[in-house]
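Residue-level structural notes
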Amino acid sequence: MHVVTFYSFKGGVGRTQALVECGSHLSLAGKKVLVVDFDLEAPSLHHIFGSPACNGIVEFISQFVSTREVPIIQEFIQLCEIKNNISGEKSFISVMSAGCLSEDYGRRLEYINWRDLYQKHQGFMLVEDMRAQWRELKYDYVLVDSRTGHTDVGGICTRQLPDTLVAMAFPNYQNLDGLAGVVRDAQLEHARYERSAPPDVKLVLSRIPDCDDENGVLEKIEAKFSEKIDSNGTFYIHAYDSMDLLNNSIFSISRPRSQLSLEYRKLADAIRASNIEDREGVLIRLNEFELDNAGGFISEITEDIDWYWIDKIEEMYQDDIEVLKSIGFYLIQCSEFDRGGQFLEAANILGDTDVLLPLAISKMYNGHPREAADLAVMALDFEGTMQSVLSGLQIIFDSGEDKSVELSNKAGLENLDVSSWGKIMAKISPTSEVGRLNMCALINEIEKRFEFKEVDPDDLMRQMITSRMFSDAVRLFESLDDESRSLQVTYNYSIARWAMDGVPPVDLFEKISLEYDENTKNTANYHQCFGLVFGVLGNKRRARKCVNLAKDRARRSLGFRMLSTWSFLYVPSEIAEDHFEEFKRQLSQGRILPPIVTGVSALS
């Protein structure tokens with residue numbers, strides 16, 4: 001059971017309406033909901049839900065005072081039906097009204113001395129017993145409508161009862177100080193009421209004018225509220241002009257797609273996300289921070305982790321695959337790779353294969369590349385999105401593990417179309433000799449399904465050169481028409497011919513040299529390629545100038561990898577510097593032999 005108090009320091013902010021809308025959302029979501037009208041001076045919940053103003057809070061308290069026995073709470077609760085006008089779906093909501101609104105209601109209310117009740121008649125234990133009886137009736141949510149201002153009843157509602165406190169205000173400074181004081185008192189006194197944690201506060205700024213705010217007035221006022229009120233999220237409820245409001249219409253039922261209903265639904269979901277007993281609420285909170293593209297990339301989360309909350313979830317949902325998986329995703333995005341990986345491993349043991357790729361990511365970040373590569377290979381046994389396949393392959397390539405044999409006939413690769421293979425060829429970046437082997441395996445997978453010329457030739461041919469599949473590169477080039485033989489394709493073809501024939505194709509390099517633009521702001525690789533071209537042609541001055549421009553570009557990217565034409569691998573900028581120097585050394589000796597054409601590792 002999760003008790004939520006709706007409180008406002010001043011009236012007229014739509015507090016009762018917010019409670020009704022959230023309660024209806026929860027009820028229509030299949031939750032067992034009780035709403036309690038503690039606004040004893042101005043009760044209204046019975047009107048909205050169409051229940052008779054039968055015995056309620058006032059009679060419950062009065063009966064206790066007169067008999068010294070705690071009444072049976074069920075005798076003071078009415079069951080009301082609600083119905084979604086669009087879907088026709090019916091649900092029920094329980095109402096504990098303020099009391100029987102007979103002519104003597106005011107006198108009976110005045111008869112209750114709340115201070116005397118607490119000091120002489122164990123009022124604290126009475127309210128605790130009332131709370132316990134709600135739990136025995138297995139309510140998922142109890143929503144309490146509190147009195148405004150500083151009152152004894154308001155103190156019960158904001159300090160003793162709630163697990164979540166919805167603090168509402170019209171966003172102006174008249175509301176701020178009073179509301180901030182009540183919230184602060186509620187947060188400080190939780191230990192007195194034997195609660196494990198202070199109430200989770202949701203700040204709701206309501207009745208906001210739905211108009212332009214070119215001077216940023218709302219932003220400035222919200223900043224002041226956030227400065228004084230320690231809340232877990234701020235929510236907006238805009239002013240909404242509708243005659244339906246005059247009829248006490250429940251927008252969640254009558255107009256569920258309206259802006260007002262959607263804003264209330266967002267608040268209701270936030271309440272659920274605070275309730276550890278609500279499985280869907282736990283998932284709402286965890287899935288707010290999802291892995292992009294079904295595990296493709298990590299979106300970093302910078303919020304502080306509530307480890308008490310995580311531990312309680314683990315205790316309650318230790319056999320729930322979806323919850324364990326969501327916790328793992330969440331923790332990985334908080335950079336807690338070890339702990340997040342433990343949850344993903346638990347989900348995997350229970351049979352969830354969707355966690356293999358995120359688990360591989362956690363292993364990679366946690367310094368276990370071999371295990372990461374094994375998991376990524378396993379993930380490719382299952383069909384996934386192009387993005388998830390790309391991420392799995394990148395883990396394999398980054399791990400430095402040879403998986404060339406295991407990459408054959410993977411279900412995750414079976415249904416990729418030509419466009420997807422083109423994107424993989426463009427984005428995968430071999431960084432080692434082992435990476436060449438893995439890339440060779442991927443190119444073989446392409447050949448099983450398509451003709452090479454169907455794939456974007458620029459990146460495919462580059463990867464063929466990287467993998468030293470020179471004869472395949474030549475075959476691809478010869479299958480292309482003139483329009484497809486771009487400058488990049490022609491350059492890569494010339495490297496393939498050089499590797500196969502043992503001598504550089506001078507005629508091709510002369511043709512390529514005519515395309516050079518030294519004023520371009522292109523990459524270091526661009527200038528390095530032309531440096532090699534001019535070096536082969538014997539133009540040492542232009543070759544050195546190109547390489548110096550390449551060095552300048554590379555130094556602007558310190559800490560990043562770049563494609564080096566010396567090895568056709570993506571290497572750190574420091575390694576690229578070594579490649580530039582080796583090229584200049586060979587240039588001065590008059591004999592240029594890049595490792596990509598000799599088969600010697602450029603990293604050794």
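So, a few notes on the structure that sits alongside this text.

**Quick notes on the overall build of the protein**
Helix and strand counts for the protein come out as 29 helices and ten strands. Compactness check: the protein gives a C-alpha radius of gyration of 34 Å against a globular reference of 25 Å for 604 residues, more than 25% above the reference. Within the protein, buried positions represent 54% of all 604 residues. Residue pairs in contact within the protein that sit at least 24 positions apart in sequence constitute 70% of those at least 6 positions apart.

**Some details on the sheet that holds strand β8 (residues 234-238)**
As a general point, the strands of a sheet are linked pairwise by backbone hydrogen bonds and lie either parallel or antiparallel. Strand order in this open sheet of eight strands is β3-β4-β2-β5-β1-β6-β7-β8, and the pairing throughout is mixed. Either end of the sheet is taken by a strand with one partner, and the two such strands are β3 (78-83) and β8. Strand-to-strand twist of the sheet, defined as the mean angle between neighbouring strand axes without regard to direction, takes the value 25 degrees.

**Here's the deal with helix α15 (residues 337-349)**
Spanning 13 residues, α15 covers 18 Å between terminal C-alpha atoms, matching the ideal 18 Å at 1.5 Å per step. Looking only at α15, the buried set comprises Phe337, Arg339, Gly340, Gly341, Phe343, Leu344 and Ala347. One or two steps after α15, the chain reaches Gly351, where phi turns positive at roughly 110 degrees.

**Looking at the side chain of Thr5**
Of note, Thr5 is situated in strand β1 (residues 2-8). Owing to a relative accessible area of 0%, Thr5 belongs among the buried residues under this scheme. In contact with Thr5, other than residues within four places in its own chain, are Val144, Ser146, Cys157, Thr158, Leu161, Pro162, Thr164, Leu165 and Val166.

**Quick notes on the packing of helix α16 (residues 356-365) against helix α18 (residues 386-399)**
For the pair α16 and α18, the least separation of the axes is 10 Å and the interaxial angle reads 30 degrees. Taken together, the axes of α16 and α18 are roughly parallel relative to one another. Relative to α18, α16 is oriented so that their crossing is left-handed. Contact with α16, carried on its side by Leu357, Ala360, Ile361 and Met364, involves Ser388, Ser391, Gly392, Ile395, Asp398 and Ser399 of α18 and no other residues of that element. Residues belonging to the contact of α16 with α18 are distributed by class as follows: five nonpolar, four polar and one charged.

**With respect to the packing of helix α24 (residues 487-501) against helix α25 (residues 506-513)**
Where α24 meets α25, the axes come as close as 10 Å, and the angle between the chain directions of the two elements is 155 degrees. Our classification of the angle between α24 and α25 gives roughly antiparallel. For the element pair α24 and α25, the recorded crossing hand is left-handed. Residues Leu487, Thr490, Tyr491, Tyr493, Ser494, Ile495 and Trp498 of α24 form the contact with α25, whose participating residues are Leu508, Phe509 and Ile512. Residues of the contact of α24 with α25, tallied by class, amount to eight nonpolar, two polar and no charged.

**Regarding the nonpolar core**
A general tendency of soluble globular proteins is for nonpolar side chains to be buried together. If you look at the biggest cluster of nonpolar residues, it comprises 101 residues, and the most contacted ones within it are Leu393, Trp421, Ile424, Met425, Leu442, Leu460 and Ile495. Setting aside its immediate chain neighbours within four residues, Leu393 contacts Leu380, Leu407, Leu413, Ile424, Ile428 and Leu442. Formed by 34 residues, the second largest nonpolar core is a distinct cluster that contains Val95, Tyr141, Met168 and Tyr264.

**As for the pairing of strand β6 (residues 164-169)**
Among the six residues in β6, six count as buried, and that is most of the element. Side chains Thr164, Val166 and Met168 of β6 all project onto a buried face; the interleaved residues Leu165, Ala167 and Ala169 project onto the opposite face, where all are buried too. Relative to strand β7 (residues 200-208), β6 runs parallel, the two being bridged by six bridges. Residue pairing in the sheet places Thr164 in a bridge with Asp200 of β7.

**Considerations on helix α12 (residues 279-286)**
Among all positions of α12, only Gly281, Val282, Leu283 and Leu286 are buried. Where α12 is buried, its residues touch α11 (259-273), α13 (307-316) and α14 (321-333). Of the residues flanking the start of α12, the one acting as N-cap is Asp278, its side-chain oxygen 3.1 Å from the backbone nitrogen of Glu280.

**Remarks on the pattern of salt bridges**
Inspection of every chain in the model, using the stated rule, returns 48 salt bridges. With its nearest N and O atoms 3.1 Å apart, the salt bridge here joins Asp104 to Arg107. For Asp381, the salt bridge goes to Lys410, with nearest N and O atoms at 2.7 Å. Remark: Lys410 occurs in the loop between α18 and α19 (411-414) and Asp381 occurs in the loop between α17 (369-379) and α18; sequence separation between them is 29 residues.

The rules behind the values
- Per-chain numbering applies: the sequence of each chain, read as written, is numbered from 1 onward.
- The model is predicted, so local features are restricted to residues of pLDDT at least 70 and side-chain atom pairs to those at 80 or more, both for listing and for counting; the totals for chains, interfaces and linings are taken over all residues.
- Calculation of side-chain values draws on the structure's entire complement of heavy atoms; hydrogens and water are dropped beforehand.
- Elements are defined by DSSP. Helices are runs of H or I of four residues or more, strands are runs of E of two residues or more, and each kind is numbered from the N terminus.
- With the radius of gyration taken over C-alpha atoms, the globule rule is written as 2.2 Å times the number of residues to the power 0.38.
- Here's how the labels work: a residue is buried when its accessible area is under 20% of the maximum for its type, exposed when over 50%, partly exposed in between, all with a 1.4 Å probe on protein chains only.
- Note on contacts: a residue pair qualifies if any of its non-hydrogen atoms lie within 4.5 Å across the two residues.
- Any two strands with at least two DSSP bridges between them are considered paired.
- Interaxial angles span 0 to 180 degrees and are taken between N-to-C directions of axes, which are lines fitted to C-alpha atoms, for helices over the stretch in contact.
- To estimate how far a helix should extend, the number of its residues minus one is multiplied by 1.5 Å.
- An angle below 35 degrees is read as roughly parallel, one above 145 as roughly antiparallel, one from 65 to 115 as roughly perpendicular, and any other as oblique.
- For any helix crossing, the convention is left-handed if the near helix is rotated counterclockwise from the far helix by under a right angle, and right-handed if that rotation is clockwise.
- Residues are sorted three ways: Asp, Glu, Lys and Arg are charged, Ala, Val, Leu, Ile, Met, Phe, Trp, Tyr, Cys and Pro are nonpolar, and all the rest, Gly among them, are polar.
- In these notes, a set of buried Ala, Val, Leu, Ile, Met, Phe, Trp, Tyr and Cys residues joined through side-chain atoms within 4.5 Å is what counts as a nonpolar core.
- Polar contact is defined as a pair of N or O atoms within 3.5 Å, subject to the rule that within protein one atom must be able to donate a hydrogen and the other to accept it, and that residues adjacent in sequence are counted only when both atoms are side-chain atoms.
- We define a salt bridge as a contact between a side-chain nitrogen of Lys or Arg and a carboxyl oxygen of Asp or Glu at a distance within 4 Å.

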